[in-house]
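Chain by chain, the residues:
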Amino acid sequence: MGAGILEERKESILVKDHCSGNGKGIQCETQSVSGAVSQRACVYCGARVVLNPITDAYHIVHGPIGCASYTWDIRGSLSSGSDIYRNSFSTDLRELDVIFGGEKKLTSAIDEIVALHKPKLIFVYATCIVGVIGDDVEAVCKAASAKYNLCVIPIKAPGFSGTKTLGYKMACNAIMEVIKPHVKVGQIKKGINILGDFNLAGEMWIIKNYFDKIGVKVISTITGDASYDTLIQASTAELNIVQCAGSSTYLATRMEEELNIPYIKVSFFGVEDTTSSLLRVAQAVGDAQTLARTETFVQEQSKIAQEFLEKYKRNFIGKKAAIYVGGGFKAISLIRQFNEMGIKTVVVGTQTGKKEDYDIIESLVEDDTVILDDTNPAELEKFMKEKEADILVGGVKERPLAYKLGIAFCDHNHERKHALGGYEGVINFTQEVNLTMNSPVWRYL
């Protein structure tokens, strides 16, 4: 595997058509290796990134002020309504609170928010220090819910209790706590819920517009541009579509088992995936007219996107891409999108991918592509240099590494400001990749 790779990490690195060392494929869904400087976030962060886009929710971070600062406005999600979700509220636990407990502080924080803002929904996050001192956050939230007749939901998410994926699961459980009290026996099910899109740069509005044009009603969006009032209607949908499989498949599974709402996994990144997803949804919930409208719509939009892409393909001849993103489904979509552009993927990795994701990834990439699970900067640097990648697609933590190596970078994570989903996203992504990869600045390095 080469110098610089920790022995414990070798089973989480796979070169296609080469043995990974254990005969069982890539190792994933495990705790990060100590000392490897993992790019993963903590359990609390995982819960917060899923719940943060609920536009009228109040987020109380029960812990030191640093935890609230770390996740302040953590999603660049856009809102068509309230923007209170852009604020962080904290109990600001300090040394004396560690000794005597912080339950009174938490009670006071909830009382203050209720008095000042009249909220419908409050999430309370118990962070690492609370996991150590043992505050009964559930009892405080239960008492506040009864006192004020509102939804106050505890999320016990000390960062040391697992991985970011566990945080996703806790967020999904919290969403179910919002939805289930409003389920009615015999209610009519019609339309869809969109799970796992966070409206980072308006993608949710783009996707909803597509469904409006083809005649499919969107009931709830979870959690991009969501609100308390839309979330409590989610049980009336006849189908869930899951965009971010890593964060939302668990929620979709619970809703299928407990609310009898089936789900399908979709992706709105790239021409191929967007077209396929719209057609599959129309086939699942629509009639013949809906399917006909969808077929006409995707043909028109695919043609526009493909014609635009063709103008740039000559700029991508011989180019190579490295991908390192959060979930496996996004990595799969990006590989397909790069294939459409004529760009070869030579390095691909995820923070929270599952074995089935890596099986699909391996089937899509060419021989000698390096596949990584929960990688670290040293490994990413090593393989990008070895494979001579021209661009890295990742998140804000990977940007400095790419620029340090003189490699172009595209942000496909929380902080981006322009939409990369849908047919419009194909145009935006193509332009960004071309601009950063073919910038004249690289000639001077």
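Scroll up for the structure.
Presented here is an overview of the structure given in this document. (Residues numbered from 1 in each chain as written. Predicted model: local features only at pLDDT ≥ 70, side-chain atom pairs only at ≥ 80, totals over all residues. Heavy atoms only, no water.)

## Some thoughts on the overall build of the protein
Defined as follows: A run of H or I in DSSP counts as a helix once it spans at least four residues, and a run of E counts as a strand once it spans at least two, with each numbered from the N terminus. Atoms considered for the radius of gyration are the C-alpha atoms alone. The globule rule reads 2.2 Å times the number of residues to the power 0.38. The classification of residues rests on relative accessible area computed with a 1.4 Å probe and restricted to protein chains. Under 20% of the type maximum is buried, over 50% is exposed, and intermediate values are partly exposed. Working definition of accessibility: Shrake-Rupley area with a 1.4 Å probe, residue cover restricted to the visible protein chains. The sign given to each residue is positive for Lys and Arg and negative for Asp and Glu; His and the chain ends receive no count. The location of each charge is read from NZ of Lys, CZ of Arg, CG of Asp or CD of Glu.
Counting its regular elements, the protein contains 17 helices and 14 strands. For the protein, the C-alpha radius of gyration of 22 Å lies close to 22 Å, the compact-globule estimate for 445 residues. Counting the 445 residues in the protein, one finds 54% classified as buried. A total accessible area of about 18900 Å² is found for the protein, and carbon and sulfur atoms account for 53% of it. When the 49 basic and 54 acidic side-chain charges of the protein are each reduced to a single mean position, those positions are 2 Å apart.

## Quick word on helix H10 (residues 245–259)
Along H10, the residues classified as buried are Ala245, Ser247, Ser248, Thr249, Leu251, Ala252, Arg254, Met255 and Leu259. Following H10 by one or two positions, Asn260 adopts a phi angle in the positive range, close to 60°.

## Section: the pairing of strand S2 (residues 58–62)
We count it as follows: By this definition, two strands are paired if DSSP reports at least two bridges between them.
Within S2, five of the five residues are buried, which leaves it mostly tucked inside the rest of the structure. With burial as the criterion, each face of S2 is covered, one bearing Tyr58, Ile60 and His62 and the other bearing His59 and Val61. Relative to strand S4 (residues 121–126), S2 runs parallel, the two being bridged by five bridges. Its bridge partner lying in S4, His59 is registered against Phe123. By the bridge criterion, two bridges tie S2 to strand S3 (residues 89–90) in an arrangement that is parallel.

## Considerations on the pattern of salt bridges
Selection criterion: What makes a salt bridge here is a side-chain nitrogen of Lys or Arg within 4 Å of a carboxyl oxygen of Asp or Glu, nothing more.
Summed over all chains, the structure comprises 17 salt bridges. Among the ionic pairs, Lys10 bridges to Glu7, the shortest N-O distance being 3.2 Å. The class of Lys10 is partly exposed, set by a relative accessible area of 25%. Salt bridges sharing partners connect three or more residues here, namely Lys180, Arg254 and Glu258.

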